[in-house]
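# Chains, contacts and geometry: an overview
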2 protein chains.
Amino acid sequence: MPRRPTLEFWFEFASTYSYLSAMRIEALADAAGVSLRWRPFLLGPVFAAQGWTSSPFNLYPAKGRHMWRDLAREAARLGLPPVVRPDSFPQNSLAATRVAVHGAEEPWIGAYVRAVYAAEFARGESIAEPAAISAILNGLGLDGPALIRAATQEPVKNRLRSIGEEAKSRGLFGAPSFLTEDGELFWGNDRLEQALEWSVGERPAGMRRQN
Amino acid sequence: MPRRPTLEFWFEFASTYSYLSAMRIEALADAAGVSLRWRPFLLGPVFAAQGWTSSPFNLYPAKGRHMWRDLAREAARLGLPPVVRPDSFPQNSLAATRVAVHGAEEPWIGAYVRAVYAAEFARGESIAEPAAISAILNGLGLDGPALIRAATQEPVKNRLRSIGEEAKSRGLFGAPSFLTEDGELFWGNDRLEQALEWSVGERPAGMRRQN
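Computed from a prediction, not measured in an experiment: that's the story for all the values here.

### Notes on helix H8 (residues 130-139) of chain B
All names here are of chain B.
- Among all positions in H8, only Ile-133, Ser-134, Ile-136 and Leu-137 are buried. Down the axis of H8, the smallest arc covering the buried residues is 160°, so these residues share one side. Away from the buried face of H8 by more than 90 degrees, exposed residues Ala-131 and Gly-139 are located.
- Close packing links the buried residues of H8 with helix H6 (94-102), helix H7 (109-122) and helix H9 (144-151).
- Downstream of H8 by a residue or two, Gly-141 has a phi angle that is positive, lying close to 80°.

Right under this line is the structure:
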């Protein structure tokens with residue numbers, strides 16, 4: 001059997017368009033014969049390096065109004081439940097992200113990521129408190145308190161910091177982002193399908209001519 | 001015959017993703033049974049109101065690097081010629097836009113818009129000087145110098161200013177943007193097909209449930 005190509009999925013739990021990708025990517029990658037590498041990261045430091053102190057959807061209200069409407073349309077188009085907007089946006093995603101970094105290679109990572117996003121954007125719940133994340137983990141049959149403890153240890157904090165440096169050094173500027181094995185960067189939920197196609201060697205018609 | 005719905009296409013000549021839409025929209029609208037209203041406008045004042053002094057693709061270099069690569073991929077995917085990046089970006093689009101405002105209802109508007117964009121992004125030429133626009137008009141069998149003269153009269157300048165106010169008051173924050181008759185706003189070349197579908201009454205599965 002030929003080796004399956006790997007696609008890195010860089011996502012931020014506070015990001016609405018990461019949500020749209022996170023709910024679909026595992027099934028789509030499986031269907032495409034692509035191995036998925038879950039890459040949780042924090043957008044805050046990336047945005048701060050761009051001079052932003054909040055989400056661009058808050059800094060630029062017209063852009064934000066369109067985003068929420070577009071999110072509702074896209075969720076409907078993709079067969080996801082109606083979006084329920086959380087009271088606070090963007091939410092503090094540190095606790096959720098630490099657990100995802102800790103468990104990124106575990107078999108439960110996909111189910112965990114989807115459960116966090118569903119709480120946040122399909123039910124409009126807060127995901128900011130460790131207790132909320134712990135409850136989500138318990139709901140998956142995992143040991144929430146133990147995982148929260150493990151995820152707040154120094155090695156995970158260090159890993160999260162180095163992931164942030166890696167994100168910047170590899171040219172990431174937003175989420176979701178997809179990175180192929182040959183270094184091709186795709187940004188945005190609208191590029192998920194193309195990133196998978198690229199991973200298995202498909203190129204847009206005319207692309208070979210161009211490169 | 002039933003009345004054809006109208007879709008407004010708001011575009012900025014300096015905008016790379018407006019280019020991707022402009023080259024396709026007339027044919028796609030015809031096929032969908034949608035009347036097209038060409039809405040040339042200047043993004044500069046819209047961006048200035050958001051505190052930007054240049055294109056976000058220049059202000060945020062990582063975003064800009066991805067954009068040029070994505071543009072190459074998208075052009076290839078859409079069957080457009082390889083993108084040739086103009087020496088200067090974004091280009092001063094005032095002369096081109098004034099002519100488009102002057103001729104927005106003329107039968108040659110589509111051919112004119114495509115000719116300007118092809119010069120700019122398929123051949124990498126400057127479109128900043130009135131002489132370049134005049135030559136493009138001449139190439140379409142029109143009277144370039146006369147149209148340039150007409151487009152620099154006070155009424156066109158006033159119309160361009162009021163279009164800028166309209167853009168802001170209707171929630172536009174970037175280009176391309178698509179506005180349907182019932183006021184639905186779609187932003188970005190990735191939403192062109194959906195805007196056309198919305199125009200003819202198609203809704204994403206589950207959208208009726210949501211609204």
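### Here we look at the UniProt feature "active site" (unreviewed entry) in chain A
All names here are of chain A.
- Under the local residue numbering, the UniProt record ascribes the feature "active site" (unreviewed entry) to Ser-15.
- Mapped onto the fold, Ser-15 is located in the loop between strand E1 (6-11) and helix H1 (16-22).
- A residue is classified by how much of its surface remains accessible, and Ser-15, at 9% relative accessible area, is buried.
- In this view, Ser-15 contacts Tyr-117, Phe-121, Ala-175 and Pro-176; residues no more than four positions away in its chain are not counted.

### What about the pattern of salt bridges?
All names here are of chain A.
- Counted according to the given criterion, the structure contains 36 salt bridges over all chains.
- Across the pair Asp-30 and Arg-4 runs a salt bridge whose closest N-O atoms are separated by 3.8 Å. Note that Asp-30 is positioned in helix H2 (residues 25-32) and Arg-4 in the segment before E1, a separation of 26 residues in sequence.
- Residue classification places Asp-30 among the exposed positions, given a relative accessible area of 51%.

### Some words on the nonpolar core
- Counting residues in each nonpolar core, the largest one holds 49 residues, and the members touching the most others are Phe-13, Tyr-112, Val-113 and Ile-133 of chain B.
- Per-element accounting of this core gives the leading share, 8 residues, to H7 of chain B.
- The residues contacting Phe-13 of chain B, other than those within four sequence positions of it, are Ser-93, Ala-96, Thr-97, Ala-100, Tyr-112, Val-113, Val-116, Tyr-117, Glu-120, Phe-121 and Ile-127 of chain B.
- Listed in part, the 48 residues of the second largest apolar core include Ala-22, Leu-71, Tyr-112 and Ile-136 of chain A.

### So, the environment of Thr-97 of chain A
Residue and element names in this part refer to chain A.
- By the secondary structure assignment, Thr-97 is in helix H6 (residues 94-102).
- Exposure remark for Thr-97: the relative accessible area of 1% places this residue in the buried category.
- With 63 residues separating them in the primary sequence, Thr-97 and Leu-160 have C-alpha atoms 8.4 Å apart.
- What Thr-97 contacts, discounting residues up to four positions off in sequence, is Phe-13, Pro-40, Phe-41, Leu-42 and Leu-160.

### As for the relation of the copies chain A and chain B
- Rotating chain A by 180° about the axis while translating it 0.0 Å along that axis superimposes it on chain B, leaving an RMSD of 0.0 Å. Seen this way, the second copy is the image of the first under a two-fold rotation axis. Using C-alpha coordinates, one finds that chain A approaches the rotation axis most closely at Asp-190 of chain A, a distance of 3.7 Å.
- In this assembly the copies share their binding face: 100% of the residues contributing to the interface of chain A also contribute to that of chain B.

Calculation notes
- All residue numbers refer to positions counted from 1 along the written sequence of the respective chain.
- Chain letters start at A and ligand numbers start at 1, both assigned in the order the entries are written.
- Local features in a predicted model are, by the rule used here, given only for residues with pLDDT of at least 70; side-chain atom pairs are given and counted only at 80 or more, and totals for whole chains, interfaces and linings are based on all residues.
- Values shown for side chains rest on all heavy atoms present in the structure; no hydrogens or waters enter the calculation.
- The buried label applies to any residue whose accessible area, calculated with a 1.4 Å probe on protein chains only, is under 20% of its type's maximum; exposed applies above 50%, and partly exposed to all values in between.
- Counting from the N terminus, the helices are DSSP H or I runs at least four residues long and the strands are E runs at least two residues long.
- Arc definition: directions from the helix axis to the C-beta atoms.
- By definition, residues are in contact when any of their heavy atoms lie within 4.5 Å.
- UniProt positions are given in the numbering used here, feature names are shortened, and annotations may be inferred rather than shown by experiment.
- The working definition used for a salt bridge is a side-chain nitrogen of Lys or Arg within 4 Å of a carboxyl oxygen of Asp or Glu.
- Among the buried residues, those of types Ala, Val, Leu, Ile, Met, Phe, Trp, Tyr and Cys that are joined through side-chain atoms within 4.5 Å form a nonpolar core.
- Here the copies were fitted onto each other by least squares, based on C-alpha atoms from residues at pLDDT of at least 70 in both.

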